[in-house]
Every structure is written in C-alpha cells, then in structure tokens.
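# Fold and geometry: a report
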Amino acid sequence: MRILLIASAFNSLTQRVHTELRERGHRVAVQLALGDEAMRAAVARTDPELILCPMLTKAVPEDIWSTRTVLIVHPGPKGDRGPSSLDWAITEGSDRWGVTVLQAVEEMDAGDIWASVEFPVTDCGKSELYRGEVADAAVEAVLLAVQRFEGGLYTPEPLDYDRPDVHGRLRPLLRQDARRIDWAADGTATVLRKLRAADSQPGVLDELFGREYFLHGGHPEDELRGPVPGAVLATRDGAICRATVDGAVWIPQLRPRRTPGGPATFKQPAATVLAGRLHRVREIPVTPASAARRDTWSELRYREEGDVGYLEFAYAGGAMSTGQCRRLLAAYREAADRPTSVLVLGAARDFYSNGIHLNVIEGAAFPALESWENINAMDDLVHAILTTTDKLTVAALAGNAAAGGLMAALAADEVWCRESAVLNPHYRLMGLYGSEYWTYTLPRRVGAEQAARLTTEALPVGAEHARRIGLVDRTCGGDAAAFRRWVAREAAALGASPELTGRLVDKKRRRSVDEEAKPLAEYRAEELRWMHANFYRAGEPYHALRRDFVHKVCPVATPAHLTGLLGRPE
C-alpha cells in the first residue's frame, strides 16, 4: 500500500514504524506536521491509501481525516486520552499499560479502535520505556491495524467505557505543580517515579542553591545518606546525588529555567550546570566492577561470566562526551586486560550510542574545540577496539544506534542486534563527514557502493535489512531481557567454541594485512581532515545544525529525502 506517515517529529518511533512498514513491502512517505497546508500538500502529492500518525501533537485537518482513513498511535490503553499518558502511568506506578491505534475524529483520542496492545511497565525512565516496551507494542498494534485495514473486512471498535476491557480514562496534562517533589515528605520511590515520568521532557522543576532548574533522570542509590532531604550529597561523572527522607537518588542532567527574555536553555550534565556551587560536595567514584554488584548510578558496569566479559555502558540520549569517551576507554582497556576470550560491549537495554555529545559541545566555551576533542576521544576508543587481537569483541545492540555511535559498534568483530533496533549509519544530517574509522569498517562490511548509499541517503535502517546487507551479523527477536539472555548464551558458546583459537589467529593476521595495505592512522588522518574543516571552516553547516538540534528548533519543511514514497529496502 501507499502509506503516508504524518508526525510531529521523525523520532525513534516514527523511524521504527517507517522501517517496519517498508520491510513488509509498503511504499512509505513522511510528512512532518508543520501546518495544515503542508499536510494537505503531502496528501495530494502521495495520494495515500492510508495515513498513519505514529507521534503527533497537533490535530490533522478535518478535510483530511473526514475523507481518508487516518490512524493515530496513542501511547495508552483503550480509553486512555490526553497528552501525558506515559507520564501518568509512571507517576501512578502502573504495572501494565498499552498502546492503542485509533481513527482520527474531531475529539482527540476518541475515535474507533483498530488495534490495542498491552505491555508490562518496566522500572525505568519514560524515554527508555518509550523506545523499548512502548515502541514494541506500538509496532505490533500498527502492523495489526494495517493488516486489518488492508483486508477490508474489519470493523473498528467504537470507544465504549462500559466495555470490561476499556480501562483508560481522560487525563489532563500533567503540570509542574503535580510533578513537584516534596523533599521533606516524598520517599525515594515517589521521588524516582516523579523524576522518571519527566526524564526527557519536561523535567521536574525544582530549586537548588537559590536557583530554579529542571531535573532530568532519576536513579537509586544504595549507600549514601544525608540528614537534610534534598541536599546534594555527592557527584559522580557529572551527575549529582540528592538525599531523600529515606535514601538518596542520582540525577544525571539539569536544565536551568529560562528567565523572561533570557537565552534558551538545554540539558547538560548536572555538575556542569552547577559549576562553582559544589565546593563542599565530594566526587565519589565507583568502579565498573563494583557498580555491577550495586544498586547505584553508573554509566559503566563490568562483569564476567566464565570466559566472557561484559562491559555495559548507558548514556542519556545515547550521546558520549569527551569525558565519557575517555572513561569508557579506560574501562575498555581494563576489561581487555582481563583473562577472558570474548568481550561483549553495549547497554543492557536502550541506546548503544549516538556518537558525540552535541549538548555538551553547545554548552562549551569553544564549541569547535570541544567538537574536535570529542571526536578524537571517540576515535581513541574505536582504535582500541580495532586493535584488540587477543579476544573476540561483540557489539550487542539492545537498542538504537546512530552516526559515530553505530560506526563505533562496527569496530567489533561481530555486531549482534535486537530486531527492534533502528540504525542510522550516516552523519550527513548534522553536516559532518564522520570519523570513528568508518571509511575502514563500513565498506569492509557492506562494500563501497552500499556504504556510499547508506551515508548519503541518510535513511534509517531496520535490523533485518541491516543483517541482509552485512551491516550487522546476527539479529534476535523478543524484548530487551530476552535479547540479553540470548546474548549471554551465544557469547558463552562463542567462548567455548573449538574454532575460537583459529578465529583469533585469523583476526590477528587480517589486522596485520590490513595495516600493511593501509594503516589505521591514515584512515583517521583522512577523516579528521574533513572533520576539522566541518568544525573550523567558515560557512560549514555543522554549528547551525547542531544549535537547531540542541535547542529543538522546528524545521520549516520536511526533509526532501523523506517526502517521496519509498518501497522495500534492498
């Protein structure tokens, strides 16, 4: 079918739906909801048989939904209505939630129901839940709705609150007065729910050192305690730890409240935002091995199971700053020195990596210099992985990866990917040439012609498509927990394989042959010449594109590479 996606942003869920529909042979175009006329023009241009709205914050014009079937994806169970669905689910401690695909009508979220899928609510932040369980349920519901529409025989179910399976209700926007933390009364569990319900947006408005900030992200702490609830007890790798009435929580990011007439603000590491106000606050580090045994916040965890080492890293938004890259490199070197035969890299769930940290760069005194240091720190990490020859490395992608973060994954000997992951193997949309040795690793995997196509078309790639073209080696279905169990089984089998010794010998030989043909240093130097120009040469688009991304500037038009009807990927 010809399907038009209308969305407020080409976000992770919209990309996932885009790749899943194309994988099943549908021709798909995208139109950002930038105004009624733009939506009307897209409908006229593509003449879609079906319109899907995976993520929409604006109403579709009546003359569109009244003449064509328009299906809205709502992140709530049957009967749930309102703009803060997931926020309420987490705030109220719901153990199950759902995604509903319903037909657009005049009253928001009140149309006939085409499909609804429930899921368990994992104990995590809203954005992580959205990219995980919500996205999985949304895709299942969307594919079911599309199948029912295509069949032509299905009659959608009217919304009826008297039905026993309709549990939702109309809920208002969850405002800051309801989100606010009462540090003198709220226990740790309540504080975590409030923080996690707002972790990405809008954050929880609070006061620190006499100024107002939005708090972003919340993680438990198992040891630190303080006599004054709300007090900052410690810092760790940019995050701050605050006392509660019965424990403590870690908050990784802050965003200053914008003053009237003042400049726009954006999320940054909490300790960076509070620089100069933390004189008496201790930095309390934790080793990756210790973090793996504790219930505390750490971006790095390391554990071993037999001959397999697992180095887990999890960064807010998948972005990796200069400091984060350097800490990961140090942890990687320690893990590489351990007497294991296989080293698995990647988060337990959610993002693998999205590359350099644009927010930290935007907040730096000299963004070009910080960009340069960040990309070199990424390159140092990738070089260490590429030159590890005494063990097999596996990049395990439980979630999405993009740009330099995906290219970093390609440095591993094998790339294993959860079937739900969306990959973006390109840098072009940020005005960058790219580094991370991609000119060596990407053509080596997919060939020069495919590498050129992936980096210039700048389209998201689904996991199965990635496997077919050789971008990843293996895929596995199921949720994040099932993927983790599968990775553990396969990594153990790899470590116990009688072919392991031979593979390591071949790996060392290939690295030597490749180095003689063209040293890694040459790939890096060539890439960095382009990147230096991107960062420092006048007229380059990178700085403006980065600024728009960080400040969430709404585009004036849908990017041209998304507007045409695209069929099944090769």
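Presented here is an overview of the structure given in this document. Predicted, not measured: the structure shown is a model, and the values here were computed from it. (Residues numbered from 1 in each chain as written. Predicted model: local features only at pLDDT ≥ 70, side-chain atom pairs only at ≥ 80, totals over all residues. Heavy atoms only, no water.)

Counting its secondary structure elements, the protein chain contains 21 helices and 26 strands. Relative to the 2.2 N^0.38 estimate, which gives 25 Å for 570 residues, the radius of gyration of the protein chain is 24 Å and therefore close to what a compact globule would have. Partitioning the intrachain contacts of the protein chain with sequence separation of at least 6 by distance along the chain shows that 69% fall at a separation of at least 24. Taking the 70 positively charged and 76 negatively charged side chains of the protein chain as two groups, their mean positions are separated by 3 Å. (Helix = DSSP H or I, 4+ residues; strand = E, 2+ residues; numbered from the N terminus. Rg over C-alpha atoms; globule rule 2.2 N^0.38 Å. Contact = heavy atoms within 4.5 Å. Lys, Arg positive; Asp, Glu negative; His and termini not counted. Charge placed at Lys NZ, Arg CZ, Asp CG, Glu CD.)

Moving on to helix α1 (residues 12–23). With 12 residues, α1 should cover 16 Å at 1.5 Å per step; its first-to-last C-alpha distance of 16 Å lies within 8% of that length. Where burial is concerned, most of α1 is hidden: 11 out of the 12 residues are buried. Here α1 has its buried residues at L13, T14, Q15, R16, V17, H18, T19, E20, L21, R22 and E23. In the segment just after α1, G25 is the residue with positive phi, at about 90°. (Expected span 1.5 Å × (residues − 1). Buried < 20%, exposed > 50% of the residue type's maximum accessible area, 1.4 Å probe, protein only.)

Along the chain, K194 turns up in helix α7 (residues 188–196). Non-local contacts of K194, meaning those with residues more than four positions away in its chain, are made with A178, R179, R180, I181, D182, D186 and V204.

Here we come to the pairing of strand β1 (residues 2–7). Burial analysis of β1 places five of its six residues in the buried class, which makes it a mostly covered element. Examined bridge by bridge, β1 and strand β2 (residues 27–32) share six bridges and lie parallel to one another. Within β2, the residue paired with R2 across the bridge is R27. With respect to chirality, the unit in which β1 leads through α1 into the neighbouring parallel β2 is right-handed. (Pairing = 2+ DSSP bridges. Right-handed = clockwise from strand over helix to strand, strands pointing away.)

With that settled, consider the sheet that holds strand β14 (residues 268–269). Spatially, four strands are ordered β7-β8-β13-β14 in an open sheet, and the strand pairing comes out antiparallel. Every other strand in the sheet has two partners, leaving β7 (204–208) and β14 as the edge strands with one partner each. Bridge analysis of β7 against strand β8 (residues 211–216) gives five bridges, and the strand direction is antiparallel. Directly across from V204, in β8, lies its bridge partner L215.

So, about the nonpolar core. Note on soluble globular proteins: their nonpolar side chains tend to be buried together. Counting residues in hydrophobic clusters, the biggest one holds 67 residues, and the most contacted among them are Y332, L397, L423, L442 and L471. At nine residues, the largest contribution of residues to this core is made by helix α12 (residues 367–386). The residues touching L397, leaving out its near neighbours within four places in the chain, are Y352, L406, A409, V415, W416, C417, R418, A421, L423 and F483. If you look at the next biggest cluster of nonpolar residues, it comprises 37 residues, including M1, I90, V121 and A138. (Core = buried A, V, L, I, M, F, W, Y, C linked by side-chain atoms within 4.5 Å.)

Strand order in the open sheet made by the five strands is β9-β12-β11-β10-β15, with mixed pairing throughout. Among the strands making up the open sheet, the edge pair consists of β9 (219–220) and β15 (282–283). Of the strand pairs in this sheet, strand β11 (residues 239–243) and strand β12 (residues 248–251) are connected by four bridges, and their pairing is antiparallel. Paired with R242 across the strands is V249, a residue of β12. Against the sheet, α7 contacts β9 and β12, and its axis sits at roughly 15° relative to β12. (Axes fitted to C-alpha atoms, helices over the stretch in contact; angles between N-to-C directions.)

On to the packing of aromatic side chains. In this description, a pair of aromatic rings is defined by centroid distance and the angle of the planes. Going through the model one piece at a time under the given rule, you end up with 12 aromatic pairs. Between W114 and Y154, the aromatic rings sit 5.8 Å apart at their centres with planes inclined by 45°, giving tilted as the arrangement. Taken together, the positions of W114 in strand β6 (residues 113–120) and Y154 in the loop between α5 (126–151) and α6 (176–179) put the pair 40 residues apart, joining distant regions of the chain. Pairwise contacts between aromatic rings join Y427, Y433, W438 and W530 into one cluster. If you follow R474 out to its NZ or CZ, it ends over the ring of W416, 5.4 Å from the centre. Its end group placed over the ring of Y542, R546 keeps NZ or CZ at 5.1 Å from the ring centre. (Phe/Tyr/Trp six-rings, centres within 6.5 Å; stacked < 30°, edge-to-face > 60°. Lys NZ or Arg CZ within 6 Å of the ring centre and 35° of its normal.)

Counted residue by residue, strand β4 (residues 70–74) has five buried out of five residues, so it is predominantly covered. Side chains V70, I72 and H74 of β4 all project onto a buried face; the interleaved residues L71 and V73 project onto the opposite face, where all are buried too. Sheet analysis places strand β3 (residues 50–53) next to β4, joined by three bridges and oriented parallel. Opposite L52, over in β4, you have L71 as the bridge partner. Judged from the four bridges that link them, β4 and strand β5 (residues 96–103) form a sheet pairing that is antiparallel. What sits directly across from V73, in β5, is V101.

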